[in-house]
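Summary of the model geometry
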Amino acid sequence: MKKTVKKLAAVGLTLTSVMSLVACGNSNTSDSGSTSNKEVTKPTSFKVMIDGTVLTESNGGADFRKQLEKATDLEGCIEWVQPDHSGYYEQVSIAFNSETSMPDLVILSSDYYAQYAANDFLWDMTDAWNASETKNSGRLIDTAQKVYDSLMVNGPDGNKAMYGFTPARGNGCVTYVKSSWAEEAGYNPSDLETKQLSWTEYYDMLKKMQAKKGHYVISAPGFVSNEAPYTNYLPEFFQKAEYSFYKKDGKYVDGFSEKAMEDALTRLATAVKDGVLDKESVTNSTSDSRNKWKSTDPSVETGVFTYWAGTWMNTLKSYLSSAKLDDRMVELKPIKELGTYVERLSPVWAITKHAENPDGIFKYFIDKMLDGGEVQTLWTYGAKGTHWDTKAESVTLKGKEDKPTEYKEGTFHFLPSPEKPTSLMSKNHIDPILSLAKFDGEDPGAAALIELSKTSGEFFAKNSEVAVPVDVNETYTENIGDINAKRKAIVASVAIGDMTAAEGIADYKKEVGKQVDTVLKSLNK
């Protein structure tokens, strides 16, 4: 390896699970090269590193991978590596620091994507994308180009190129409120759906809920998240405060050093002190927060939760129903001081410089993801017979054995989740509501999609704007790990009351101020 990459932020360590390592059969070999001047051959073998957005082993992942490899003519050619989702990026950092563990293809968040591209770890797929069947299929949705434009990032030479591919929009988080909690606090859920609250009105509602329940109202998966836009799990508290570097009047500035961030940290600390915001949010995982949302223990249950829009709204609702809780819930419009929710930059599939045949991986794996047919169906809905089917059958959810649903031959329908048989499957890696390409003909699963998920996706699209990427360079990469670690530590310390917001910002400037100035100088050249 030419260089190593610092970790962006401290996240939990976990052991990597290697799910299959096999030799590839019936393949051709050839030197790889530009798609414009050499024949592209099928890759002989390659390693793929995926996170929990792809079906896991416990949720029928083996069946999905088997059907996918057959559909793409890659049977026996892929080594799949899927670390635990919560520790994924720790394992990515480790993998990229060794030739033996380096993947050939990897899912990367926008932060890692930009840094690894700038540090010459990723293959430039610009030419392959421009010549691809997907781009030239005519099936891309109207807003797809905006998403693909956002994937043009600085390479090692400082010039922008496409080093990663995404099949879907990034999505983002909205704030959900349990109707029963709102009613207990004296609010009409219907009014909350239509009114845009101010910060004062929003916080007053939280305090009234807290007074009724006697404990915290919100339990977030971290006071900040580990990827941009960072503040998406508590947007009302951060409002327009910028967590990282951003452009202001044409020049980059450090949002974390500004007064708006100090005010945001004060709001967090006040909410924890008031008992409105769960202090354990400092170490909560996403599953911890979801468990508190659906808990039947009244001393643990939460009533307000900012989480992913679209399909997740129906999932959160089904959690409540399965727990025999009141499952009525509403989506709040972004408060006035926030203005809009933020859609994250899409995670990408990136081919690394480690790959021996990047053109082949692109053609046989990436360019098939949105093929408009069998492969796109697999990536969107999972494996036939495991996650969905079209045969005539009776489908029964666990706990609802007295309420089977009958399906006729030829009717697409979801099956119970192998991992959570109390609910139906709804998607695989590609959320059908966020997909960047249409199917050839009708979407096979369109009729089975939950209306609530579709309306939630539409609500988010109407009330959000896409995050703006930072122009990453080598100086940024060398320093951002330390800077982000300090930012996260300051947020935690202020929120739980170990220091005031002013003290936190002062400590931040003292500890990493010189590195911040160095980054700003490089970004503003």
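Our structure's up above, just so we're on the same page.
Computed from a predicted model, the values in this text were never measured in an experiment.

1. Observations concerning the pattern of salt bridges
As enumerated under the stated definition, the model contains 20 salt bridges in all. In this structure, Arg65 engages Glu57 in a salt bridge whose closest nitrogen and oxygen atoms are separated by 2.7 Å. A residue is classified by how much of its surface remains accessible, and Arg65, at 6% relative accessible area, is buried. A salt bridge links Glu183 to Arg328; the shortest N-O distance between them is 2.9 Å. Taken together, the positions of Glu183 in helix α6 (residues 179-184) and Arg328 in the loop between α12 (311-322) and β11 (329-332) put the pair 145 residues apart, joining distant regions of the chain. In this structure Glu183 comes out as partly exposed when scored by relative accessible area, which is 39%. Arg328 sits in the partly exposed class, given a relative accessible area of 35%. Put simply, Glu183, Asp326 and Arg328 are held in one network by salt bridges that share partners.

2. Points about the nonpolar core
Membership of the largest hydrophobic core comes to 75 residues, with the highest contact counts inside it found for Tyr202, Leu206, Phe237, Phe245 and Leu265. Counting residues in hydrophobic clusters, the runner-up holds 70 residues, among them Trp80, Tyr112, Tyr116 and Ala350.

3. Description of the layout of surface pockets
Approximately 920 Å³ is the volume attributed to the second largest pocket. Together, 42 residues line the second largest pocket, and Pro229, Glu242, Val342, Ala467 and Val468 are the ones closest to its centre. Broken down by secondary-structure element, the contributors of at least two residues to the lining of the second largest pocket are α3 (110-118), α9 (235-238), β8 (245-248), β12 (341-343) and β18 (464-466). Top element by residues in the lining of the second largest pocket is α3. It accounts for five residues. Considering only residue class, the lining of the second largest pocket consists of 27 nonpolar, nine polar and six charged.

About the cut-offs
- Residues numbered from 1 in each chain as written.
- Predicted model: local features only at pLDDT ≥ 70, side-chain atom pairs only at ≥ 80, totals over all residues.
- Heavy atoms only, no water.
- Salt bridge = Lys/Arg side-chain N within 4 Å of Asp/Glu carboxyl O.
- Buried < 20%, exposed > 50% of the residue type's maximum accessible area, 1.4 Å probe, protein only.
- Helix = DSSP H or I, 4+ residues; strand = E, 2+ residues; numbered from the N terminus.
- Core = buried A, V, L, I, M, F, W, Y, C linked by side-chain atoms within 4.5 Å.
- 1 Å grid on protein atoms, 1.4 Å probe; cavity = no way out; pocket = protein on both sides within 12 Å on 5 of 7 lines; lining within 4 Å.
- Points joined across faces, edges and corners; volume = space filled by probe spheres on them.
- Nonpolar A, V, L, I, M, F, W, Y, C, P; charged D, E, K, R; others polar.

Function cannot be inferred from these measures alone, as they are strictly geometric.
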